[in-house]
Amino acid sequence: MPDFDLVIRNARAVTASDLFDCDIGVKDGRIVQLGQGLAAGAREIDAAGRHVTPGGVDAHCHLDQPEPPPIRMADGFDSGTRSAACGGTTTVIPFALQQKGQSLRDAVADYHRRADGQAHVDYAFHLIVSDPTPTVLGEELPALIREGYTSFKIYMTYDSLKLDDGQILDVLAVAREHGAMAMVHAENAECIEWLSRRLEAAGRTAPRYHAHARPMLVEREATHRAIALSELVDVPILIVHVSGQEAVEQIRWARAHGLHVFAETCPQYLFLTAEDLGIDDSYEGARCVCSPPPRGRENQQVIWRGLADGLFTIFSSDHAPYRFEGGEGKHPGGEERPFRHIPNGIPGLETRMALLWSEGVMAGRITPNKFVELTATNPAKAYGLHPRKGSLSVGADADLVVWDEREFVLRNTMLHHDVDYTPYEGMHLSAWPAVTLSRGEVVWDGAAFRGTRGAGRFLRCGQPTLLPRRRG
Ligand code: URP
Ligand code: ZN
Ligand code: ZN
């Protein structure tokens, strides 16, 4: 009987801190030994000096979220996690969204129904708290945190989701008391509304005006306010999808003042610019309408710097999948609509890891260790999944990526999501996963998807471990 179910031989193993040559022994879905010259496995993969990293933890993606008809998210747990696996992501954390007037528990139960039996890789849930009633604050949210839903997102914009400052203070106080991680979408709703009305009145309704309605200032102001509110409550926060220099400056200021403000950014702020929303009034740019919007080219360097120097804790996709053609996505009801009515979000679950390995590690902008920290280890720590996830160590789940460093041109036809475009069509990349393993099983073999629907398990999250546990 072989010692291992699987041995990956001759790996250049990369962790958030180390890089070493070893064989990786896997049994019962876990890494059980790291060493040289390991005994035979029932199956073997020769990594032949290739980099092997922990599978990605995509801590910000939207799958099968309820939408007002006729809008529908293109990916649910089946196609979304299939696409994740083929791109080297082995854990996803999408959002159980509470609609205003809905109980948080019902939102979670509904989201489980959407996920049950569908996923190809493991998944946990963040909550979205849009209606912090006394019952939610006093009963549902604390109980759900205890049951393994230890993070929630709050919005400072979008009419159907936004909280006012008093409500934000209330939910932050629950995060503090029960040790949850609060994620904040920081854009000033009133400014966006005012600018949008003026643009519309002037006939400026093309997709590119989405970026005019959400300048960096509105992100800067909300980021500053979120930081102040978290300081008042004395609780860490994580600002999601940080897009621009002005928000980055606020976060640097907070850090310099000793505040625990974490930050996430996403591929769209490295690889897209506001011009991708259109340089004229064509509707093509609707594909890249997302919030906050991509900024100017010089801003991409600000985001790269923040990834390299530790300003950013997490690199997520913010995959929010809507089809361009048809009436369920970027053409609501089949029409070209004013920018205000275009569903916000772009696909990116499958491309996140390769974009950062290729243009970050291979291009010499970040180290392989930083890549692992941003894409796997830190998201697992931030949301209480570490060291089971996000770690290449003995005892961790054998969620691994063997990298193939080769040149190719990215096409949407190569991808496995149910979206009819990728914003990165035609990009020249120099890496893609050769193999993705989910708990020791091959789910992507470099040519084909090999996963099994329903094999992905729901994960209950523990408390965040990015910071030492506080006493009392
Ligand atoms: O435009 C975006 N980012 N859509 C997804 C929802 C969100 O706010 O993250
Ligand atoms: Zn958001
Ligand atoms: Zn999002």
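Our subject is the structure listed above.
Only a predicted model underlies this, so the values are computations on that prediction, with no experimental measurement involved.

Peer 1: How should the coordination of the zinc ion (ligand 3) be read in this particular structure?
Peer 2: Six octahedrally arranged donors around a metal ideally form angles of 90 or 180 degrees; four tetrahedrally arranged donors ideally form angles of 109.5 degrees. Distances from the zinc ion (ligand 3) to its protein donors, His60 (NE2), His62 (NE2) and Asp318 (OD), fall within 1.9 to 2.1 Å. Along the chain, the residues donating to the zinc ion (ligand 3) fall in the pattern H-x1-H-x255-D. Metal-to-metal, the separation of the zinc ion (ligand 3) and the zinc ion (ligand 2) is 4.0 Å. Separated by 256 residues along the polypeptide, His62 in the loop between β6 (56–58) and α1 (77–86) and Asp318 in the loop between β15 (314–315) and α11 (352–362) bring together distant segments of the chain.

Peer 1: Please explain the packing of helix α2 (residues 104–115) against helix α3 (residues 134–146) as it appears in this structure.
Peer 2: Two packed helices can be described by the angle between their axes and the distance between those axes. For the pair α2 and α3, the least separation of the axes is 9 Å and the interaxial angle reads 30°. Along its contact with α2, which presents Leu104, Arg105 and Val108, the element α3 presents Val136, Glu140, Leu141, Ala143 and Leu144. Split into classes, the residues belonging to the contact of α2 with α3 amount to six nonpolar, no polar and two charged.

Peer 1: Honestly, helix α12 (residues 368–382) in this entry has me stumped. Any pointers?
Peer 2: Helix length check: α12, at 15 residues, gives a terminal C-alpha distance of 20 Å against a target of 21 Å (1.5 Å per residue), a fit within 8%. A maximum bend of about 45° is found in α12 at Leu374. Across the 15 residues of α12, 13 count as buried, placing the element largely inside the fold. Of the residues trailing α12, Gly384 is marked for its positive phi of about 70°.

Peer 1: Explain the packing of aromatic side chains to me, please; I cannot follow it from the model alone.
Peer 2: Each aromatic ring pair is described using two quantities: the centre-to-centre distance and the angle formed by the ring planes. In total, this model carries 17 aromatic pairs according to the counting rule given. Look at Phe271 and Trp304: their rings are 6.0 Å apart centre to centre, the planes differ by 80°, and that puts the pair in the edge-to-face class. Of this pair, Phe271 sits in helix α9 (residues 268–271) while Trp304 is found in helix α10 (residues 297–309), placing the two residues 33 residues apart along the sequence. Across the pair, exposure class does not vary: Phe271 and Trp304 are buried alike. Relative to Trp403, the ring of Trp357 has its centre 5.2 Å away and its plane inclined at 10°; by these criteria the two rings are stacked. Here Trp403 lies in strand β16 (residues 400–404) and Trp357 lies in helix α11, a separation of 46 residues in the sequence. For the pair Trp357 and Trp403, one class covers both residues: buried. Ring pairs connect the aromatic residues Phe77, Tyr111, Tyr123, Phe125, Tyr149 and Phe458, which therefore count as one cluster. Here the guanidinium or amino end of Lys153 rests over the ring plane of Phe95, the centre of that ring lying 5.5 Å away.

Criteria and cut-off values
- The residue count restarts for each chain, going from 1 along the sequence in the order it is written.
- A letter from A marks each chain and a number from 1 marks each ligand, given out in the order of writing.
- Per-residue local features are limited, in this predicted model, to residues with pLDDT of at least 70; the limit for side-chain atom pairs, both in listing and counting, is 80 or more; totals at the level of whole chains, interfaces and linings are taken over all residues.
- Hydrogens and waters are ignored; side-chain quantities use all the structure's heavy atoms.
- Donor atoms are limited to N, O and S found within 2.8 Å of the metal ion, a distance that becomes 3.2 Å for Na, K and Ca. With water left out, some sites might look partial.
- Working definition: helices are DSSP H or I runs of at least four residues, strands are E runs of at least two. Numbering for both runs from the N terminus.
- Angles shown run from 0 to 180 degrees and are taken between the N-to-C directions of axes, each axis being a line fitted to C-alpha atoms and, for helices, limited to the stretch in contact.
- Contact between two residues is taken to exist if any of their heavy atoms lie within 4.5 Å; hydrogens are not considered.
- Polarity classes work like this: nonpolar for Ala, Val, Leu, Ile, Met, Phe, Trp, Tyr, Cys and Pro, charged for Asp, Glu, Lys and Arg, and polar for all others, with Gly in that last group.
- Expected span of a helix: the number of residues minus one, times 1.5 Å.
- In this scheme, the bend at a residue equals the angle between the axes fitted to the seven residues that finish there and the seven that begin there.
- For the exposure calls, accessible area comes from a 1.4 Å probe over protein chains only, and a residue counts as buried if that area is under 20% of its type's maximum, exposed if over 50%, partly exposed in between.
- Stacked, edge-to-face and tilted labels apply to pairs of Phe, Tyr and Trp rings (six-membered ring for Trp) whose centres lie within 6.5 Å, assigned for plane angles under 30 degrees, over 60, and everything in between, in that order.
- Distance and angle both matter: a charge sits over a ring if NZ of Lys or CZ of Arg is within 6 Å of the ring centre and within 35 degrees of the ring normal.

Keep in mind these values describe shape, not function.
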